[in-house]
Amino acid sequence: MGLPQILVVGSANMDLMIRLPRMPLPGETILGGEFHMVRGGKGANQAVACARLGASTWMLGRVGRDAFGNELVHGLEADGVRCEYLVRDDTAPSGVAMILVDASGENTIAVAPGANMRVTADDVAIAVRSLDFDAVLCQLEVPIEAIAAAFQVGRERGALTILDAGPARALPPELLSLVDVLSPNRAEALAILGLEKQEEPTLEETAQCLLQTGARNVVLKLGAQGALVVSADGLAAVPAFKVDPVDTTGAGDAFTAALAVSLAEGRELITATRLAAAAGALATTVLGAAPSMPTRERLTQFLDSQGA
Ligand code: RIB
């Protein structure tokens, strides 16, 4: 087959990052961190990863008519992502994320979504009129109506529908029933299941419960613990790859994008999840979200170096 064609419907943000020795406590000010401004947003990160991994990729979303919007669009285009359906919103500013990263690479993120929350089902309807795709990949930083519209068309056309369930929120059953592969992390899984942290079942039970929400397959992202795959064929654990993390921002995005590309290329779910785990691990070794998305060459080298 030719290159897989992937439509990403999602957010684009400018990430304002500060690296600190440790996270500040509530009410505390810490001096001395270094500042970085990099491209981000879960949708844009996944679009960049899909393109770098070799897929023909379209990004559908909204950015403002501002300097951040210009930079986000130019950056995506420089990575080979097609942006004809990335709308310049006339009224809202581009999305911005404030990110703190501590010495262990862990992060906290606060997002001002701006134009991302103005993506509509009509934006999707306009794009899909002249677009063919093998997979549609969404996250939860744009309105649910737009995601549902994209998955509905995806289903009608026989494309794979993949949902990265971040950031955490409850999801309507009508949306979940349109999902071929649902990929949350643990916190996102609890939000989908309507459970509090203290009610968390075992990971295996969590994965099984997620499968009962209507999604056809579930890939539960467990970071340094790897991933759990559950489908009608049963449950399988996929181990993590060991790396020295610098910054975990965007690791989940690299994971889900690699999963989407591998599945769109025809790999079966467990093999695709293994490649996804490698892409996620690699993303933690580079500072920033979009900059850390691995290329196909880097991923292949890494897998060879791991004997995988
Ligand atoms: O997943 C990481 C991303 O979450 C960041 O790039 C930030 O913009 C937020 O959307």
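Because the structure is a prediction, the values reported are computed rather than measured.

(A) Up close: the nonpolar core. By size, the foremost hydrophobic cluster in this structure holds 55 residues, and its most contacted members are Ile6, Met59, Leu76, Val219 and Leu259. Once you skip the residues sitting within four places of it in the chain, leucine 259 turns out to touch Val181, Ser183, Val219, Leu269, Ala272, Thr273 and Ala276. By size, the runner-up hydrophobic cluster in this structure holds 41 residues, among which are Tyr85, Ala127, Leu140 and Phe151.

(B) A look at the pattern of salt bridges. Under the defined criterion, the tally for this structure stands at 15 salt bridges. Arginine 22 is the salt-bridge partner of glutamate 28, the closest N and O atoms lying 2.6 Å from each other. Linking arginine 62 and aspartate 123 is a salt bridge whose minimum nitrogen-to-oxygen distance equals 2.8 Å. Within this pair, whereas arginine 62 is found in strand 4 (residues 56-64), its partner aspartate 123 is found in helix 3 (residues 121-129), the two being separated by 61 residues in sequence. Taken as a pair, arginine 62 and aspartate 123 share a single burial class, namely buried. Here the salt bridges share partners, and the residues they tie into one network are Arg62, Asp89, Arg118 and Asp123.

(C) Highlighting the site of the ligand. All residues adjacent to the ligand are Asn13, Asp15, Gly40, Gly41, Lys42, Asn45, Ala97, Ile109, Glu141, Gly250, Asp253 and Ala289. Within the side chain of aspartate 15, one N or O atom sits 2.6 Å away from an oxygen atom of the ligand. At 2.9 Å from an oxygen atom of the ligand is found a main-chain nitrogen or oxygen belonging to glycine 41. Bound to the protein, the ligand loses 96% of the 280 Å² it would expose on its own. Tallied by class, the residues present in the shell around the ligand amount to 3 nonpolar, 5 polar and 4 charged.

(D) Seen up close, the sheet that holds strand 6 (residues 95-101). Pairing in this open sheet of 4 strands is mixed, and the strands run 3-2-6-7 from one edge to the other. With partners counted over all chains shown, the strands left at the sheet margins are strand 3 (34-40) and strand 7 (107-112), one partner each. Direction aside, the axes of adjacent strands within the sheet are offset by 20° on average. Sitting on the sheet, helix 2 (residues 67-78) is in contact with strand 2 (13-19), strand 3 and strand 6, with an inclination near 65° to strand 3.

(E) Summary view of the sheet that holds strand 5 (residues 86-89). As summarised here, the arrangement of the 9 strands in space is 5-4-1-8-9-10-11-12-13, forming an open sheet in which the pairing is mixed. At either margin of the open sheet sits one strand with a lone partner, and together these are strand 5 and strand 13 (234-238). Ignoring strand direction, the axes of neighbouring strands in this sheet form an average angle of 15°. Examined bridge by bridge, strand 12 (residues 227-231) and strand 13 share 5 bridges and lie antiparallel to one another. If you follow leucine 228 over to strand 13, its bridge partner there is alanine 237.

(F) Inspection of helix 9 (residues 269-283) at higher detail. When the terminal C-alpha atoms of helix 9 are compared, their 21 Å separation across 15 residues agrees well with the 21 Å that a helix rising 1.5 Å per residue should span. For helix 9, the tally of buried residues reaches 12 of 15 residues, placing the bulk of the element in the interior. Residues of helix 9 that are buried: Leu269, Ala272, Thr273, Leu275, Ala276, Ala277, Ala278, Ala279, Gly280, Ala281, Leu282 and Ala283. Where helix 9 is buried, its residues meet strand 11 (217-221), strand 12, strand 13, helix 8 (251-264) and helix 10 (296-305).

(G) Focus on the packing of aromatic side chains. Tallied over the entire structure, the rule returns 1 aromatic pair. A centroid spacing of 5.6 Å and a plane angle of 55° characterise the contact between phenylalanine 241 and phenylalanine 302, whose relative ring orientation is tilted. Remark: phenylalanine 302 occurs in helix 10 and phenylalanine 241 occurs in the loop between strand 13 and helix 8; sequence separation between them is 61 residues. Side by side, phenylalanine 241 and phenylalanine 302 carry an identical accessibility label, which is buried.

(H) Up close: a nonpolar patch on the surface. A contiguous nonpolar patch, built from Ile18, Phe35 and Met37 and spanning about 270 Å² of accessible area, is present on the exposed surface. Assignment of secondary structure puts methionine 37 in strand 3. Residue classification places methionine 37 among the partly exposed positions, given a relative accessible area of 38%.

Cut-offs and rules
Residues numbered from 1 in each chain as written. Predicted model: local features only at pLDDT ≥ 70, side-chain atom pairs only at ≥ 80, totals over all residues. Heavy atoms only, no water. Core = buried A, V, L, I, M, F, W, Y, C linked by side-chain atoms within 4.5 Å. Buried < 20%, exposed > 50% of the residue type's maximum accessible area, 1.4 Å probe, protein only. Contact = heavy atoms within 4.5 Å. Salt bridge = Lys/Arg side-chain N within 4 Å of Asp/Glu carboxyl O. Helix = DSSP H or I, 4+ residues; strand = E, 2+ residues; numbered from the N terminus. Near = heavy atom within 4 Å. Polar contact = N/O pair within 3.5 Å; in protein donor to acceptor, adjacent residues only side chain to side chain. Areas by Shrake-Rupley, 256 points an atom, 1.4 Å probe, with all protein chains shown as cover. Nonpolar A, V, L, I, M, F, W, Y, C, P; charged D, E, K, R; others polar. Pairing = 2+ DSSP bridges. Axes fitted to C-alpha atoms, helices over the stretch in contact; angles between N-to-C directions. Expected span 1.5 Å × (residues − 1). Phe/Tyr/Trp six-rings, centres within 6.5 Å; stacked < 30°, edge-to-face > 60°. Patch = residues over 30% accessible without salt bridge, like charges linked within 9 Å, V, L, I, M, F, W, Y side chains within 5 Å.

These figures come from the coordinates and say nothing about function on their own.
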